[in-house]
Amino acid sequence: RGVFYVLSNMKVRVSGDIGCYTLGAMKPYEAVDTCVCMGASVSMAHGMDKADTQFGEKIPTVAVIGDSTFMHSGITGLIDIVYKGAATVIILDNSITGMTGHQQNPTTGLTIKGEPAPAVNLVKLAEAVGVKRIRVEDPFDMKKFKAAVKEEIDADEPSVIIAQRPCALLKS
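Note that this is a predicted model, so its numbers are computed, not measured. (Residues numbered from 1 in each chain as written. Predicted model: local features only at pLDDT ≥ 70, side-chain atom pairs only at ≥ 80, totals over all residues. Heavy atoms only, no water.)

## Comments concerning the overall build of the chain
Then step 1. Helix and strand content of the chain: 5 helices and 5 strands.
Then step 2. When the helices and strands of the chain are read in sequence order from the N terminus, they spell out α-β-α-β-α-β-α-β-α-β.
Then step 3. Relative to a compact globule of 172 residues, whose C-alpha radius of gyration would be 16 Å, the chain shows 15 Å and is just as compact.
Then step 4. Structurally, the chain occupies a C-alpha span of about 55 × 35 × 30 Å along its principal axes.
Then step 5. Of all 172 residues assigned to the chain, the portion counted as buried reaches 45%.
Then step 6. In the chain, the proportion of contacts linking residues at least 24 apart, taken out of those at least 6 apart, comes to 66%.
Then step 7. Treating the 18 positive side-chain charges of the chain as one cloud and the 19 negative ones as another, the clouds have centres 2 Å apart. (Helix = DSSP H or I, 4+ residues; strand = E, 2+ residues; numbered from the N terminus. Rg over C-alpha atoms; globule rule 2.2 N^0.38 Å. Buried < 20%, exposed > 50% of the residue type's maximum accessible area, 1.4 Å probe, protein only. Contact = heavy atoms within 4.5 Å. Lys, Arg positive; Asp, Glu negative; His and termini not counted. Charge placed at Lys NZ, Arg CZ, Asp CG, Glu CD.)

## Quick look at the nonpolar core
Then step 1. In terms of nonpolar packing, the biggest core is built from 35 residues, with Leu-7, Val-64, Leu-78, Val-89 and Ile-90 touching the most fellow members.
Then step 2. Mapped onto this core, the elements with two or more residues apiece are helix H1 (2-8), helix H2 (40-51), strand E2 (61-66), helix H3 (67-84), strand E3 (88-93), helix H4 (122-128), helix H5 (142-154) and strand E5 (159-164).
Then step 3. Those residues in contact with Ile-90, other than ones at most four positions away along the chain, are Leu-7, Val-62, Ala-63, Val-64, Ile-65, Phe-145, Val-149, Ile-161 and Ala-163. (Core = buried A, V, L, I, M, F, W, Y, C linked by side-chain atoms within 4.5 Å.)

## Section: H2
Then step 1. When the terminal C-alpha atoms of H2 are compared, their 16 Å separation across 12 residues agrees well with the 16 Å that a helix rising 1.5 Å per residue should span.
Then step 2. Considered for burial, the residues of H2 that qualify are Ala-40, Ser-41, Val-42, Ala-45, His-46, Met-48 and Asp-49.
Then step 3. On its buried face, H2 is in contact with strand E1 (13-15), E2, H3 and E3. (Expected span 1.5 Å × (residues − 1).)

This is the structure:
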């Protein structure tokens with residue numbers, strides 16, 4: 001909720017993705033402008049950032065993608081952003097795969113059966129593909145989160161904001 005409240009009050013285009021965060025397109029936020037398929041938010045934001053000029057003014061674009069979807073099919077878009085240009089990717093790290101039933105994912109440190117597994121560190125992963133501007137923010141600290149988004153969209157290089165807040169539906 002914090003992410004979409006902030007984005008809905010900024011002049012940015014939001015490239016969305018499939019997941020519980022797709023609800024950010026609905027009232028009261030109406031913050032997601034596009035949603036095509038799983039993992040597409042990152043590559044769509046990259047393309048829009050490269051091509052967009054509206055009325056002579058470039059509108060900043062951010063991608064919003066969940067941690068699980070990012071691991072499944074968003075990382076390739078981030079690699080392209082590093083390789084070919086600048087864009088801001090917001091990874092919604094809620095510590096679970098929320099929309100399809102609260103399964104574990106490679107970032108949680110558990111297998112789908114609940115057994116221990118190596119946890120992928122999103123910061124280190126972004127660093128490994130060449131992103132230099134990476135920050136972890138609490139989206140419920142909305143003033144700080146808004147400042148972070150503004151700073152990153154103003155930067156002329158790839159950036160990742162990891163919006164870290166556990167899913168409200170998690171039991172533990």
